[in-house]
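# Inside the fold
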Amino acid sequence: MTTFEDLITAHPFFQNIDQRYLPDIVAHAQPCSFESERLIFHQGERARHFYILQTGHVALEVFAPDRGPIRLMTLNAGEVLGWSWLFAPYIWHFDARAIEPTHAIMFDGAALRAECDTNHELGYHLMRHSVHIIEQRLQACMLQMIDIYGYTRTG
């Protein structure tokens with residue numbers, strides 16, 4: 001039988017995390033679900049949580065007044081949703097919307113930040129894993145911008 005702790009440690013975000021930090025991480029986690037088309041968070045709101053996706057798909061979007069919501073990327077099971085909980089001023093920079101029924105594990109970002117303030121090794125591991133995700137997202141956005149604007153290199 002798979003335990004809640006097993007679900008967390010099996011997720012790619014936590015696979016290489018030192019097992020001694022697991023109780024502190026699990027203590028601030030809870031399962032959650034989102035119906036299709038449900039807004040998970042909205043740009044400008046306080047970033048209080050982050051999520052590891054178990055099933056489903058989530059769209060990261062920005063709103064353009066002349067075009068409405070623009071999808072920047074789609075996150076799938078096995079990915080992490082949200083990093084703004086870790087960096088001041090702790091505000092979401094995008095909207096996140098479930099594209100289909102989605103199951104996730106939600107983590108209390110403020111509580112984990114407090115844990116990181118007292119346990120710097122845990123903070124280092126969470127920061128290192130989060131920065132890797134940020135790098136991947138920035139590269140994906142760059143590629144999408146190149147595609148949207150039809151950038152061609154001229155010499």
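Preceding block: the structure.
So, how was this worked out
Residues numbered from 1 in each chain as written. Predicted model: local features only at pLDDT ≥ 70, side-chain atom pairs only at ≥ 80, totals over all residues. Heavy atoms only, no water. Helix = DSSP H or I, 4+ residues; strand = E, 2+ residues; numbered from the N terminus. Rg over C-alpha atoms; globule rule 2.2 N^0.38 Å. Buried < 20%, exposed > 50% of the residue type's maximum accessible area, 1.4 Å probe, protein only. Contact = heavy atoms within 4.5 Å. Salt bridge = Lys/Arg side-chain N within 4 Å of Asp/Glu carboxyl O. Core = buried A, V, L, I, M, F, W, Y, C linked by side-chain atoms within 4.5 Å. 1 Å grid on protein atoms, 1.4 Å probe; cavity = no way out; pocket = protein on both sides within 12 Å on 5 of 7 lines; lining within 4 Å. Points joined across faces, edges and corners; volume = space filled by probe spheres on them. Nonpolar A, V, L, I, M, F, W, Y, C, P; charged D, E, K, R; others polar. Pairing = 2+ DSSP bridges.

This paragraph deals with the overall build of the protein. From N to C terminus, the protein includes four helices and eight strands. From first element to last, N terminus to C terminus, the protein shows the α and β order α-α-β-β-β-β-β-β-β-β-α-α. A globule of 155 residues ought to have a C-alpha radius of gyration of about 15 Å, and the protein, at 17 Å, matches this closely. In the protein, buried positions account for 39% of the 155 residues. For the protein, the share of sequence-separated contacts (at least 6 apart) that also reach a separation of at least 24 residues comes to 76%.

So, about the pattern of salt bridges. Summed over all chains, the structure comprises three salt bridges. Salt-bridge contacts for Arg97 lead to Glu61; the nearest nitrogen and oxygen are separated by 3.3 Å. One end of the pair, Arg97, is in strand 7 (residues 95-98); the other, Glu61, is in strand 4 (residues 57-64), and 36 residues separate them in sequence. Residue class for Glu61 comes out buried when judged on its relative accessible area of 8%. In the salt-bridge network here, residues are joined through shared partners; they are Asp18, Arg20 and Glu121.

A few words now on the nonpolar core. Soluble globular proteins tend to pack their nonpolar side chains together in the buried interior. Within the largest apolar cluster, 23 residues are counted, with the highest numbers of intra-cluster contacts made by Ile8, Phe14, Ile25, Phe50, Ile52, Phe107 and Leu126. When residues of this core are assigned to their parent elements, the largest contribution, four residues, is made by helix 4 (residues 120-149). In terms of nonpolar packing, the next biggest core, distinct from the first, is built from 17 residues, Phe34, Leu81, Ala98 and Met106 among them.

Another point: empty space enclosed by the protein. Tallied over the full model, the rule gives two cavities of 30 Å³ or more. There is about 100 Å³ of room inside the largest cavity. What lines the largest cavity is simply Phe41, Leu60, Leu81, Gly82, Trp83, Ser84, Trp92, His93, Phe94 and Arg137. Its residues assigned to classes, the lining of the largest cavity shows six nonpolar, three polar and one charged. Considering only enclosed or pocket space, the second largest cavity measures out at about 30 Å³ in volume. Phe13, Phe50, Val80, Gly82, Trp83, Trp85, Ser130 and Ile133 together form the lining of the second largest cavity. Here the lining of the second largest cavity is composed, by residue class, of six nonpolar, two polar and no charged.

Our focus in this paragraph is the pairing of strand 4. Where strand 4 and strand 5 (residues 68-76) come together, eight bridges link them in antiparallel fashion. By the bridge assignment, His57 is partnered in strand 5 with Asn76. Remark: three residues form the turn of the hairpin made by strand 4 and strand 5, two consecutive strands paired antiparallel. Pairing geometry for strand 4 and strand 7, over four bridges, is antiparallel. Residue pairing across strands places Ala59 opposite Arg97, the latter belonging to strand 7.

Geometric values such as these leave the question of function open.
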